[in-house]
Amino acid sequence: MEISAEIQKLGDAIANLKLTEAVALKEYLKEKYKLEPAAGGAVMVAAAPGGGGGAAAPEKPAEKTEFTVVLDGVADATKKISVIKVVREITGVGLADGKKMVDEAPKTIKENVAKDEAEAIKKKIEDAGGKVTLK
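Nothing here was measured: the structure is a model prediction, and the numbers come from that model.

Q: Lay out the sheet that holds strand E2 (residues 107-114) with the relevant residues and their values.
A: Read from one edge of the open sheet, three strands run E2-E1-E3, paired in antiparallel fashion. Sheet topology places E2 and strand E3 (130-134) at the edges, where each strand pairs with a single neighbour. The sheet shows a mean angle of 25° between the axes of neighbouring strands, direction not considered. The sheet strands contacting helix H5 (residues 115-128) are strand E1 (66-74), E2 and E3, and the helix crosses E2 at an angle near 145°.

Written out as structure tokens, the structure is:
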């Protein structure tokens, strides 16, 4: 099978993408053309350029882009009210629900948030006296 220079150039460009670029390409194709890669993987070429032996695409797993913020509890019981205020501010719930979330820790505060937002939420809650895990 004869492969055109244009296809070879495109294939090499895809194979040499950084992981973040591959994820961005996947999102672009999904949004613009409603195309999704099989098995939910990033758009990647299985063999490394140059053929022969076929080393698999990146060995490390895809970098996590969405996080769940989980309140593990209150580090200092005297700061419980501050933690409730911050939880209410983040989640938009009322006083009773905010208190319930803090009392029932570990409790999910927010799901599927970007890394920087998750870290900002974690910092806010920790500054108020809470203990947080990002998953």
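Once you've had a look at it, read on.
Q: Please give an account of the packing of helix H3 (residues 80-91) against helix H4 (residues 95-103) that cites residues and values.
A: Between H3 and H4, the least distance of the axes is 9 Å, while the angle of their chain directions is 115°. Two packed elements cross with a definite hand, and for H3 against H4 that hand is right-handed. Mapping the contact onto sequence places Lys-80, Val-83, Ile-84, Val-87, Arg-88 and Thr-91 in H3 and Leu-95, Gly-98, Lys-99, Met-101, Val-102 and Asp-103 in H4. Looking at the contact of H3 with H4 residue by residue, the classes come out as six nonpolar, two polar and four charged.

Q: Summarise the nonpolar core; cite the residues concerned and give the values.
A: Grouped together as the largest cluster of nonpolar side chains are 17 residues, with contacts concentrated most on Val-69, Leu-71, Val-83, Val-87, Ile-109 and Ile-125. Breaking this core down by element, the ones donating at least two residues are E1, H3, H4, E2 and H5. With five residues, H3 is the single largest residue contributor to this core. In contact with Ile-109, other than residues within four places in its own chain, are Val-69, Val-70, Leu-71, Val-87, Ile-90, Thr-91, Met-101 and Ile-125.

Calculation rules
- Residue positions are given per chain, counting from 1 as you read along its sequence in written order.
- Per-residue local features are limited, in this predicted model, to residues with pLDDT of at least 70; the limit for side-chain atom pairs, both in listing and counting, is 80 or more; totals at the level of whole chains, interfaces and linings are taken over all residues.
- Side-chain figures throughout are based on the complete set of non-hydrogen atoms in the structure, without hydrogens or water.
- Whether two strands pair depends on DSSP finding at least two bridges between them.
- Secondary structure follows DSSP: runs of H or I at least 4 residues long count as helices, runs of E at least 2 residues long count as strands, and numbering of each begins at the N terminus.
- Angles shown run from 0 to 180 degrees and are taken between the N-to-C directions of axes, each axis being a line fitted to C-alpha atoms and, for helices, limited to the stretch in contact.
- When checking whether two residues touch, look at their non-hydrogen atoms; a contact exists if any pair is within 4.5 Å.
- Take the far helix as the reference: if the near one is turned anticlockwise from it by less than a right angle, the crossing is left-handed, and if turned clockwise, right-handed.
- Charged means Asp, Glu, Lys or Arg here, nonpolar means Ala, Val, Leu, Ile, Met, Phe, Trp, Tyr, Cys or Pro, and polar covers whatever is left, Gly included.
- To qualify as a nonpolar core, a set must consist of buried Ala, Val, Leu, Ile, Met, Phe, Trp, Tyr and Cys residues joined through side-chain atoms within 4.5 Å.
- Buried residues are those whose accessible area, probed at 1.4 Å on protein chains only, stays under 20% of the maximum for their type, while exposed residues exceed 50% and partly exposed ones sit between those limits.

Scope: geometric values only; no functional claims are made or implied.
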